[in-house]
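Letter by letter, the chains look like this.
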Amino acid sequence: RTSPGARTVTSRARHQVLAVVAFLAWLRQHGLTPASCGQGDVETWLATGPAAYDIKDFLAWAAARKHCPVLQVPGPQRRTGTATDPSQRWELIHRLLRDTTLDLTDRAAGCLLLLFGQHLSRTAIMTTDQITTRDGQVLVRFGQHEVPVPDSLAQILTDLIRTGRSHTGTGSPINSPWLFPGGMPGQPITPSQLGERLRALGIRAMPGRRAALIDLAAQLPAAVLADCLNLSPGTAVRWMHQAGADWNRYAADIARSRDHQP
């Protein structure tokens, strides 16, 4: 009663009991029992709110004792915060790719954020050797793997390396290894400076990054997302759950699409 830590031991059990009581009442209201409940009924219940997921242990216990069929309850979706609206994100990307009046630094950094979900702290310290050209295709290396970029972004990155990097710091080397040189001699731009530049264009870094990663996670399995964008496997899985993607049949889908290729 006096220890703040002791309550947490019973808190989860209390929440689970309350969820089970509410679930059984909900079943009764719909003319169902645990024995007659199906997977579709469980998924309808889960849509009632985050607390609905607390029946997971109860259903496993009930199924083990033959009180109900085996029913699946996934973990609740983890929310990572607000994300830029998809249509707004694509409008911003289109402007960055097409508006030649914008500074090349802003166009490149904004595209890396909105297309590939790169954190500003990583973008700020990118070096020119992370941009390579092979067989006419421009590639960007975020981690160990190189990722091809759209032609319009490829042109921006190429122009940035060739002519667009400003060296404002006194004593800065003529040839800087940084993709985005900063004001201090020999140093890259800081993430905060990069963020301020993008905010001036109406691009908010964190919501924009979330929107990009949600979009990518809906199209790529977690393992591929982690490899391509230099994310930890756990982080990639969380973004996949956030996007509501299910890659259990990914290999089968790939095989099927290859079968239909000419």
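Everything discussed here concerns the structure shown above.
(A) Spatial organisation of the environment of Gln72. With respect to the helices and strands, the residue Gln72 is situated in the loop between α3 (56–64) and α4 (86–98). Sequence separation of Gln72 and Leu59 is 13 residues, and the distance between their C-alpha atoms is 8.3 Å. Not counting the four nearest positions on each side in its chain, Gln72 is found in contact with Gln39 and Val42.

(B) Structural context of the pattern of salt bridges. The full count for this structure, using the stated rule, is seven salt bridges. A salt bridge links Asp215 to Arg89; the shortest N-O distance between them is 3.0 Å. Pair noted here: Asp215 is in helix α9 (residues 205–217) and Arg89 is in helix α4, with a separation of 126 residues, a long-range link. Judged by its relative accessible area of 3%, Arg89 falls in the buried class. The salt bridge partner of Asp103 is Arg197, with a shortest N-O separation of 3.3 Å. Taken together, the positions of Asp103 in the loop between α4 and α5 (104–116) and Arg197 in helix α8 (residues 191–199) put the pair 94 residues apart, joining distant regions of the chain. Using a relative accessible area of 36% as the deciding quantity, one classes Asp103 as partly exposed.

(C) Looking closely at the environment of Pro34. Considering the arrangement of structural elements, one finds Pro34 in the loop between α1 (6–29) and α2 (39–46). Residues Pro34 and Phe23 lie 11 residues apart in sequence; the distance between their C-alpha atoms is 9.5 Å. Ignoring sequence-local partners within four residues, the contact set of Pro34 consists of Leu24, Leu27, His67, Cys68 and Pro69.

(D) Broad picture of α2. Residues of α2 that are buried: Val42, Trp45 and Leu46. Looking down the long axis of α2, one finds its buried residues gathered within 100° of arc, a one-sided arrangement.

(E) Representation of the pairing of strand β1 (residues 131–134). Inspection of the sheet shows β1 paired to strand β2 (residues 137–141) by four bridges, in the antiparallel sense. Residue pairing across strands places Arg134 opposite Gln137, the latter belonging to β2. The loop that links β1 with its antiparallel partner β2 comprises two residues; one of these, Asp135, has a positive phi angle of about 55°.

(F) Examining helix α10 (residues 222–229) more closely. For α10, every residue scored as buried is listed here: Ala222, Leu225, Ala226 and Leu229. The buried residues of α10 occupy an angular sector of 100° when the element is viewed end-on, so they sit on one face. Along its buried surface, α10 packs onto α5, α6 (120–123), α9 and α11 (233–243). Of the residues trailing α10, Asn230 is marked for its positive phi of about 60°.

(G) Molecular detail of the sheet that holds strand β3 (residues 146–148). On the basis of which strands lie adjacent, the open sheet formed by three strands has the order β1-β2-β3 and antiparallel pairing. Edge strands, defined here as strands with exactly one partner in the open sheet, are β1 and β3. Direction aside, the axes of adjacent strands within the sheet are offset by 40° on average.

(H) Spotlight on the packing of α9 against α11. Their axes nearest at 8 Å, the elements α9 and α11 cross at an angle of 85°. Relative to α11, the element α9 is oriented roughly perpendicular. Contacts between α9 and α11 pair Arg209, Arg210, Leu213, Ile214 and Ala217 from the former with Trp239, Met240, Gln242 and Ala243 from the latter.

(I) Structural view of the nonpolar core. Counting residues in hydrophobic clusters, the biggest one holds 46 residues, and the most contacted among them are Phe116 and Leu153. Looking at this core, the elements that each hand over two or more residues are α4, α5, β2, α7 (151–164), α8, α9, α10 and α11. The biggest single contributor to this core is α5, with nine residues. Discounting chain neighbours no more than four positions away, the residues touching Leu153 are Leu97, Cys111, Leu115 and Phe116.

(J) Inspection of the packing of aromatic side chains at higher detail. Counting across every chain of the model gives five aromatic pairs. Summarising the aromatic geometry, the rings of Phe23 and Trp26 are spaced 6.4 Å apart at their centres and angled 15° between planes, so their arrangement reads as stacked. Highlighted residues: Phe23 and Trp26, both in helix α1, separated by three residues, approximately one helical turn. The class of Phe23 is buried, set by a relative accessible area of 1%. Overall, Trp26 belongs to the buried group, its relative accessible area being 13%. Between Trp26 and Trp45, the aromatic rings sit 5.7 Å apart at their centres with planes inclined by 55°, giving tilted as the arrangement. Pair noted here: Trp26 is in helix α1 and Trp45 is in helix α2, with a separation of 19 residues, a long-range link.

Rules of the game
- Starting from 1, residues in each chain are numbered consecutively following that chain's sequence as written.
- Since the coordinates come from a predicted model, pLDDT governs what is reported: local features require at least 70, and pairs of side-chain atoms require 80 or more to be given and counted, while whole-chain, interface and lining totals use all residues.
- Side-chain metrics rest on all non-hydrogen atoms present in the structure, leaving aside hydrogens and water.
- Each helix is a run of DSSP H or I of at least 4 residues and each strand a run of E of at least 2, with the numbering of both proceeding from the N terminus.
- Note on contacts: a residue pair is in contact if any heavy atoms of the two residues lie within 4.5 Å.
- The working definition used for a salt bridge is a side-chain nitrogen of Lys or Arg within 4 Å of a carboxyl oxygen of Asp or Glu.
- Note on exposure labels: buried denotes an accessible area under 20% of the residue type's maximum, exposed denotes more than 50%, and partly exposed covers the range between, all computed with a 1.4 Å probe on protein chains only.
- Working note: the arc is built from the helix axis to C-beta atom directions.
- A pair of strands counts as paired when DSSP detects no fewer than two bridges linking them.
- Axis definition: a line fit to C-alpha positions, over the contact stretch in the case of helices; interaxial angles, taken between N-to-C directions, run 0 to 180 degrees.
- Relative orientations are named as follows: roughly parallel for angles under 35 degrees, roughly antiparallel for angles over 145 degrees, roughly perpendicular for angles from 65 to 115 degrees, and oblique for any other angle.
- Residue types Ala, Val, Leu, Ile, Met, Phe, Trp, Tyr and Cys, when buried and joined through side-chain atoms within 4.5 Å, form a set referred to as a nonpolar core.
- Ring pairs are drawn from Phe, Tyr and Trp, using the six-membered ring of Trp, whenever the two centres fall within 6.5 Å, and their geometry is named by plane angle: stacked under 30 degrees, edge-to-face over 60, tilted for the rest.

Such coordinate-based values are descriptive only and should not be taken to indicate function.
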